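Architecture at a glance
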Number of protein chains: 6
Amino acid sequence: MPPVVTVTRRAHFNAAHRLHNPALSEAENARLFGPCANPNYHGHNYNLDVSVTGEIDPVTGYTIDIKTLKELIETHVVSNFDHKNLNLDVPEFRDTIPTAENIVVVCWRLLAPVIPRGRLARIVLWETERNLVEYTGG
Amino acid sequence: MPPVVTVTRRAHFNAAHRLHNPALSEAENARLFGPCANPNYHGHNYNLDVSVTGEIDPVTGYTIDIKTLKELIETHVVSNFDHKNLNLDVPEFRDTIPTAENIVVVCWRLLAPVIPRGRLARIVLWETERNLVEYTGG
Amino acid sequence: MPPVVTVTRRAHFNAAHRLHNPALSEAENARLFGPCANPNYHGHNYNLDVSVTGEIDPVTGYTIDIKTLKELIETHVVSNFDHKNLNLDVPEFRDTIPTAENIVVVCWRLLAPVIPRGRLARIVLWETERNLVEYTGG
Amino acid sequence: MPPVVTVTRRAHFNAAHRLHNPALSEAENARLFGPCANPNYHGHNYNLDVSVTGEIDPVTGYTIDIKTLKELIETHVVSNFDHKNLNLDVPEFRDTIPTAENIVVVCWRLLAPVIPRGRLARIVLWETERNLVEYTGG
Amino acid sequence: MPPVVTVTRRAHFNAAHRLHNPALSEAENARLFGPCANPNYHGHNYNLDVSVTGEIDPVTGYTIDIKTLKELIETHVVSNFDHKNLNLDVPEFRDTIPTAENIVVVCWRLLAPVIPRGRLARIVLWETERNLVEYTGG
Amino acid sequence: MPPVVTVTRRAHFNAAHRLHNPALSEAENARLFGPCANPNYHGHNYNLDVSVTGEIDPVTGYTIDIKTLKELIETHVVSNFDHKNLNLDVPEFRDTIPTAENIVVVCWRLLAPVIPRGRLARIVLWETERNLVEYTGG
């Protein structure tokens, strides 16, 4: 059996967001989210590391052609999130607070069904150079 | 005369912005700024490198105490820009488009008068890992 | 059941240390630790990545508020290690050689009991840009 | 039982390669590998993160002396790959396409037998800042 | 007069090269260039930082639209250098040794005439994370 | 005349230090240097970027062979500073407080006389990822 490896491609997008739960009072939102609840939004340069695990194809030496992976992330995530307001412009966050935790789960749901070879194994979302979230589909 | 060196402190802030000139038509704004004109805003993690040049004080070995420099950047820039919408929340950008070029000049005007020792020599603003702007006061 | 994700916060501290086992001869210490045994100490800028795994709270969209995680690392690790001599100033290393391996285990013991939501899942200590140690509690 | 940690050392090498399967037609190679099939080669600065897992030795505080790990990577990988053409100069790639996937598996086979303490747990090969492959021996 | 700032865009390309002066003996080439003279080539991930200095346009807030700068670098440098063998595939290096010094000067000659606003002020070429060359046109 | 470029090599060293002026009272030292005055020392991973400016040699394509530059930094700085206590082990800091400002000037004095081709143009010392000092010999 060929070896099984994990291939990762890093993508970027720049977006605005705010953290706010409409089911709670403004005071409660302020307490929970502090400056992240700013009604005028703030924003981030997000880095997104998408990892696919699978056997190495003996014909190509690839688990997945990383150009294919790059284009899938571009089509299904970056083109919808980049230079957007996550709360206002991205339907997936109409009823979901765009915390890093929820963004990474949304990215998983967008990408898992379209991986053509191997399986989506891990997504890491960097909200800043010091804050990141990782999801493996559980 | 003691040696003259340049001391740099890096700071961070996360903010939303859009690029839009109200004196121009929407079509012209779209042509000039493309996705950066999104009326719902997008955002960035900005890095700001602030450099002060001056003689080394023989008593302390410091040109400027970098803790002082850190606090000045915090007070005059970060506390006003971080987790804010630059267009809506920061008075300096009420009549100035918050391009990286204009942000770096605004930072200069906020910081140059308050440097207590040496002189402000250079500010670099990183809008993304690949886009940056540098200003030396000219 | 809500998705389970892993949230990571990166912290920093600057410290001096030396590697030396008092139960061994000086010759044996020199052989084992080389320049790291310098009796006058050397030092590092340590990066510490602390990861917490747990369900996303549907009310906040958080697994753990990363500001809370930041403050816990500050209180329990950084305030005790930063600008310190690990061998002389930190009681945990009175009888434990402050190798990267032992530092990461000490950090785990300091942080695991205080994580208020989810569970401590992984700590990574970067001693330099090229040397790191990872611990998952086993 | 002493705690079990994972120690990682990062190494570098600069090499040329091309992706080409001699069993396929040129047209098929061009379709599969695009510019990576350039018969004149292209190249990369590779980063290689080698991780060893094992109990902390109570005498040294080490799982594995990271200087030993550094020297093993130097001897078994870097000295054979650095400033080389992987296709022409490295026997392991005579019949194996030097994709990142295959390189990481070759590194594993070179290093796993020589780790003197603990066991080789993970190798990550960075082909660029945005493309990486990870192997855990499966 | 509007403020004068410097805008920088970072680009990437991956290429093979060797250092070899055909006017010298092989022994002399080996002495001068060591492993960099390998006749089978080696390679690098190059980073290229291109800086343009000029007044901020009061209408756009731009010195130069960084998307324009990105496309000029793509057209005049990256499309000709990326996934290429600098010695064999790039006419500019037919009679010029592709050292980092010479590459940065060639990039200057390709880019300086096409900058539409402001002037080319500095190019930095990173050959590795620790080796770089900077040129300001002198 | 051949083009004039600036070549930079990055080096590393890990060292302990403390900031303390023996001519001042302990109270004054504590006020000036805060935790940096810890009598037990703290430490850093220092990065040192050394830049040499000069004409490109038409025979080699080099301004200075970067391997030569690497070895000079190793011999004159790194071998004396790495895994050392700057205050106790390095004669240059016997009467000079090892602030980043003074370290960079000491590095200049050690390196400027030994550069064999071109001239030392700039040294940058990174004390942390956010604090750096730059010296051009003035």
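Up top is the structure.
Computed from a predicted model, the values in this text were never measured in an experiment.

Calculation notes
Residues numbered from 1 in each chain as written. Chains lettered and ligands numbered in written order. Predicted model: local features only at pLDDT ≥ 70, side-chain atom pairs only at ≥ 80, totals over all residues. Heavy atoms only, no water. Contact = heavy atoms within 4.5 Å. Buried area = accessible area lost by both parts, 1.4 Å probe. Salt bridge = Lys/Arg side-chain N within 4 Å of Asp/Glu carboxyl O. Polar contact = N/O pair within 3.5 Å; in protein donor to acceptor, adjacent residues only side chain to side chain. Helix = DSSP H or I, 4+ residues; strand = E, 2+ residues; numbered from the N terminus. Nonpolar A, V, L, I, M, F, W, Y, C, P; charged D, E, K, R; others polar. Pairing = 2+ DSSP bridges. Least-squares fit on C-alpha atoms with pLDDT ≥ 70 in both. Core = buried A, V, L, I, M, F, W, Y, C linked by side-chain atoms within 4.5 Å. Buried < 20%, exposed > 50% of the residue type's maximum accessible area, 1.4 Å probe, protein only. Axes fitted to C-alpha atoms, helices over the stretch in contact; angles between N-to-C directions. Parallel < 35°, antiparallel > 145°, perpendicular 65-115°, else oblique. Left-handed = near helix turned anticlockwise from the far one by under 90°. Phe/Tyr/Trp six-rings, centres within 6.5 Å; stacked < 30°, edge-to-face > 60°.

Side note on the interface of chain E and chain F
Accessible area lost on assembly of the parts is the figure often given for the size of an interface. On the side of chain F, 20 residues touch chain E, which itself brings 20 residues to the contact. Buried surface at the junction of chain E and chain F, both sides included, amounts to about 1700 Å², of which 51% is carbon and sulfur. Linking chain E with chain F are one salt bridge, by the criterion used here. Across the salt bridge formed by Glu134(E) and Arg122(F), the nearest N and O atoms sit 3.0 Å from each other. At the surface where chain E touches chain F, the tally comes to 10 residue pairs in polar contact (both at pLDDT 80 or more). Broken down by secondary-structure element, the contributors of at least two residues to the side of chain E that touches chain F are helix H1 (26-33), helix H4 (100-111) and strand E5 (131-135) of chain E. A breakdown of the residues in the side of chain E that touches chain F according to their chemical character gives 10 nonpolar, five polar and five charged. Looking at chain direction, E5(E) and strand E1 (residues 4-17) of chain F are connected through four bridges and run antiparallel.

Structural notes on the relation of the copies chain E and chain F
Superposition record for chain E on chain F: RMSD 0.0 Å, screw rotation 120 degrees, translation along axis 0.0 Å. Here the symmetry operator amounts to a three-fold rotation axis. It is Glu129(E) whose C-alpha, among those of chain E, lies nearest the rotation axis, at 8.6 Å.

Considerations on the nonpolar core
If you look at the biggest cluster of nonpolar residues, it comprises 106 residues, and the most contacted ones within it are Phe81(B), Phe81(E) and Phe81(F). Element by element, the count of residues in this core is highest for helix H4 (residues 100-111) of chain F, at nine residues. With sequence-adjacent residues up to four places away left out, Phe81(B) is seen in contact with Phe13(B), Asn14(B), Ala15(B), Leu86(B), Val90(B), Phe93(B), Ile103(B), Val106(B), Cys107(B) and Leu110(B).

Structural notes on the environment of Thr128(B)
In this fold, Thr128(B) is placed in the loop between strand E4 (119-126) and strand E5 (131-135). Expressed as a C-alpha distance, the spacing of Thr128(B) and Phe33(B), which sit 95 residues apart in the sequence, is 17 Å. Ignoring sequence-local partners within four residues, the contact set of Thr128(B) consists of Asn14(A), Asn45(A) and His44(B). Reaching out from Thr128(B), the side chain makes a polar contact with the backbone nitrogen of Arg130(B) at a distance of 3.0 Å.

Overview of the packing of helix H2 (residues 66-81) of chain D against helix H4 (residues 100-111) of chain D
Angle between the axes and distance between the axes: these two values describe a pair of packed helices. Residue and element names in this part refer to chain D. Packing of H2 against H4 leaves a shortest axis separation of 10 Å and a crossing angle of 135 degrees. When the axis of H2 is compared with that of H4, the two are oblique. When the axes of H2 and H4 are compared, the crossing they make is right-handed. Contact residues: Leu72, Ile73, His76, Val77 and Phe81 in H2; Ile103, Val106, Cys107, Leu110 and Leu111 in H4.

Section: the packing of aromatic side chains
Aromatic ring pairs are reported here in terms of the distance separating the ring centres and the angle at which the planes meet. All chains considered together, the criterion is met by 30 aromatic pairs over all chains. Between the aromatic rings of Phe33(B) and Tyr62(E), the centroid separation amounts to 5.6 Å while the plane-to-plane angle is 70 degrees, which identifies the pairing as edge-to-face. Residue Phe33(B) is found in helix H1 (residues 26-33), and its partner Tyr62(E) is found in the loop between strand E2 (42-55) and helix H2 (66-81); the two belong to separate chains. Each member of the pair, Phe33(B) as well as Tyr62(E), carries the same accessibility label: buried. Put simply, the rings of Phe13(A), Tyr46(A), Phe81(A) and Phe93(A) touch in pairs and so form one group of aromatic residues.

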